[in-house]
Amino acid sequence: MFSNRLLLVCSFFFLTALTACGSGGSDAIDSPPFLFVPEPDNSIPIVKAESTYVTFVDEDVTYAEGLRHESSSTTAVATPLKLDVYYPSNGSTNRPVFMFIHGGGFTGGTKAKPEIVDMASYYASRGWVFISIDYRTAEALITRTSMPQDELLSYFKGLAPQEWIEHALQGVETIKQFEQAVAMYMAQRDAKAALRWIVANAGIYNINTDYITVGGASAGAITAITLGISNLEDFRDEISINNDPTLATTNIQEAYDVKNMVYFWGSNVKLDLFEGVYGAYLYDSDDPELFMAHGTNDANPSTPYSEAIELQGIYDSLSIHNVLVTLEGAGHGAWDVTVDGQNLSGITFDYIVERQNLTVE
């Protein structure tokens, strides 16, 4: 069912108890390998302060399908959407989960970015299930510029709502900007589908869905905060299943509750866009708590440092707990930054365990 390999990060004493150990090998498995299967534990999850467990990863697991264009097709076709699941060799039945969304300006990017893989290993080796997702970007779009607007709306039917496409056409200056605007909707729809997949499959990985963290970098941060702040039906019900039959693959009946959000050098542009299209202001006092890290020299026009300040102001006005770690002098994509001797994984670890009251050993 899944592909599996081991990232041998620590705790080599576990290896004698594993039946599928190796360095970079691949085995087909029906369910994650565990050292033992204890009785279910419904208490607060226990995580480790230091890297403790061997990390397993199930790669390229299909979580849903979505529509995309191919160069040879005149209509959109279904394509599988993939994620990678990193999990520890501890046999716990009570694991917190951290879903991470890569960046790429909604034009590309990968769930296997080395910095994300490193972060995944950091968390999984301490007891988390860490899930890195891919989603549809502008690469899934082939815009035919000669089309009149009515044909263009038909051509993109099922990929984004008509009102979203019409709004994008009015507000952009280039084809690339139009495709990015359409891809913003697709990315959000897919991220929500991925989170619903996690809830639907929580039992396979022994995930406690009361302890969900979502995070991302750049476009992924934009998508992550929109995931936490938007309502369950947003970016889901604007397109009918008749127009997008692949919605049937997205565990559409599942619900989720995000506990904390992690934002690296992002913005609230998608929430602004949603408000522009639907007139709906999505922020409210029930939104998840928020951690932000943003460089003061972020030259990306879509993610200036001022966006973090604005988002913090919104959160403060709603009296929701939030943290902004200002990365003085850092630019966009400051993955290698350290603050008080800690990297981003360590900083966010401390934040999550404190805010979720996780037990740390």
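An account of the accompanying structure is given in this report. Here the structure is a predicted model, which means the values were calculated and not measured. (Residues numbered from 1 in each chain as written. Predicted model: local features only at pLDDT ≥ 70, side-chain atom pairs only at ≥ 80, totals over all residues. Heavy atoms only, no water.)

## What to know about the packing of helix α6 (residues 219–229) against helix α7 (residues 269–278)
Part 1 of the reasoning: Between α6 and α7, the least distance of the axes is 8 Å, while the angle of their chain directions is 55°. Put simply, α6 runs oblique to α7. Here Ile-222, Thr-223, Ile-225, Thr-226 and Ile-229 of α6 come into contact with α7, specifically with Val-269, Lys-270 and Leu-271.
Part 2 of the reasoning: Here the contact of α6 with α7 is composed, by residue class, of 5 nonpolar, 2 polar and 1 charged. (Axes fitted to C-alpha atoms, helices over the stretch in contact; angles between N-to-C directions. Helix = DSSP H or I, 4+ residues; strand = E, 2+ residues; numbered from the N terminus. Parallel < 35°, antiparallel > 145°, perpendicular 65-115°, else oblique. Contact = heavy atoms within 4.5 Å. Nonpolar A, V, L, I, M, F, W, Y, C, P; charged D, E, K, R; others polar.)

## Quick word on the environment of Phe-130
Part 1 of the reasoning: You can see Phe-130 is positioned in strand β7 (residues 129–133).
Part 2 of the reasoning: Taking relative accessible area as the criterion, Phe-130 reaches 0% and is therefore assigned buried.
Part 3 of the reasoning: Measuring from C-alpha to C-alpha, the distance between Phe-130 and Val-214 comes to 9.8 Å, with 84 residues separating the pair along the chain.
Part 4 of the reasoning: Aside from chain neighbours lying at most four places away, what touches Phe-130 is Asp-84, Val-85, Tyr-86, Phe-98, Phe-100, Ile-116, Met-119, Ala-120 and Tyr-123. (Buried < 20%, exposed > 50% of the residue type's maximum accessible area, 1.4 Å probe, protein only.)

## A few points about the nonpolar core
The nonpolar side chains of a soluble globular protein tend to be buried, and buried together.
Part 1 of the reasoning: Formed by 78 residues in total, the largest nonpolar core has its most connected members in Tyr-63, Met-99, Ile-131, Ile-133, Trp-164, Leu-195 and Trp-197.
Part 2 of the reasoning: The greatest single-element share of this core, amounting to 15 residues, is contributed by helix α4 (residues 175–200).
Part 3 of the reasoning: Residue contacts for Ile-131: discarding those within four places in its chain leaves Leu-83, Asp-84, Val-85, Val-97, Phe-98, Met-99, Phe-100, Trp-197 and Ile-198.
Part 4 of the reasoning: Ranked by size, the runner-up nonpolar core spans 34 residues in total, among them Met-119, Val-262, Ala-330 and Phe-349. (Core = buried A, V, L, I, M, F, W, Y, C linked by side-chain atoms within 4.5 Å.)

## Observations regarding α6
Part 1 of the reasoning: Within α6, 11 of the 11 residues are buried, leaving the element largely enclosed by the surrounding structure.
Part 2 of the reasoning: Taken residue by residue, α6 has Ala-219, Gly-220, Ala-221, Ile-222, Thr-223, Ala-224, Ile-225, Thr-226, Leu-227, Gly-228 and Ile-229 as its buried positions.

## Examining the packing of aromatic side chains
Part 1 of the reasoning: Counted by the stated rule, this structure contains 27 aromatic pairs.
Part 2 of the reasoning: By the ring-pair criterion, three or more aromatic residues cluster together here, those being Tyr-86, Phe-98, Phe-100, Tyr-122, Tyr-123, Trp-128, Phe-130, Phe-264, Trp-265, Trp-335 and Phe-349.
Part 3 of the reasoning: Note that Arg-126 overlies the ring of Tyr-122, its terminal NZ or CZ placed 3.6 Å from the centroid.
Part 4 of the reasoning: Of note, Lys-259 hangs over the ring of Tyr-211, and the distance from its end group to the ring centre comes to 5.5 Å. (Phe/Tyr/Trp six-rings, centres within 6.5 Å; stacked < 30°, edge-to-face > 60°. Lys NZ or Arg CZ within 6 Å of the ring centre and 35° of its normal.)

## Quick look at the pairing of strand β6 (residues 95–101)
Part 1 of the reasoning: Along β6, 7 of the 7 residues are buried, which leaves the element largely enclosed by surrounding structure.
Part 2 of the reasoning: The alternating pattern of β6 places Arg-95, Val-97, Met-99 and Ile-101 on one face and Pro-96, Phe-98 and Phe-100 on the opposite face, and all of these are buried.
Part 3 of the reasoning: Regarding topology, helix α1 (residues 114–124) serves as the crossover connection from β6 to the parallel β7, and that connection is right-handed. (Right-handed = clockwise from strand over helix to strand, strands pointing away.)

## Notes on the environment of Ser-267
Part 1 of the reasoning: When you line up the elements, Ser-267 lands in the loop between β9 (260–264) and α7.
Part 2 of the reasoning: For the pair formed by Ser-267 and His-294, sequence separation is 27 residues and the distance between their alpha carbons is 9.8 Å.
Part 3 of the reasoning: In contact with Ser-267, other than residues within four places in its own chain, are Ile-222, Ile-225, Ser-302, Thr-303 and Glu-307.
Part 4 of the reasoning: A polar contact of 3.2 Å, which involves the side chain of Ser-267, links it to the backbone nitrogen of Val-269. (Polar contact = N/O pair within 3.5 Å; in protein donor to acceptor, adjacent residues only side chain to side chain.)

## Description of the side chain of Asn-208
Part 1 of the reasoning: Mapped onto the elements, Asn-208 comes out in strand β8 (residues 207–217).
Part 2 of the reasoning: The contacts of Asn-208, once residues within four sequence positions are left out, are Ser-43, Pro-45, Asn-94 and Arg-95.

## A few points about the pairing of β9
Part 1 of the reasoning: For β9, the tally of buried residues reaches 5 of 5 residues, placing the bulk of the element in the interior.
Part 2 of the reasoning: Of the strand pairs in this sheet, β8 and β9 are connected by 5 bridges, and their pairing is parallel. Bridge assignment links Gly-216 to a residue of β9, and that residue is Tyr-263.
Part 3 of the reasoning: As paired elements, β9 and strand β10 (residues 289–295) share 5 bridges and run parallel to each other. Its bridge partner being in β10, Phe-264 is matched across the sheet by Ala-293.
Part 4 of the reasoning: Taking the sense of rotation as the criterion, the β-α-β connection linking β9, α7 and β10 turns out right-handed. (Pairing = 2+ DSSP bridges.)

## So, the packing of α4 against α7
A pair of packed helices can be characterised by two numbers: the angle between their axes and the separation between those axes.
Part 1 of the reasoning: Packing of α4 against α7 brings their axes to within 11 Å, and their N-to-C directions diverge by 105°. If you check the angle between α4 and α7, you find them roughly perpendicular. Contacts from Met-184, Ala-187 and Gln-188 in α4 reach Val-269, Lys-270 and Leu-273 in α7.
Part 2 of the reasoning: Across the contact of α4 with α7, the residue classes break down as 4 nonpolar, 1 polar and 1 charged.

Functional significance is not addressed by these values, which are geometric in nature.
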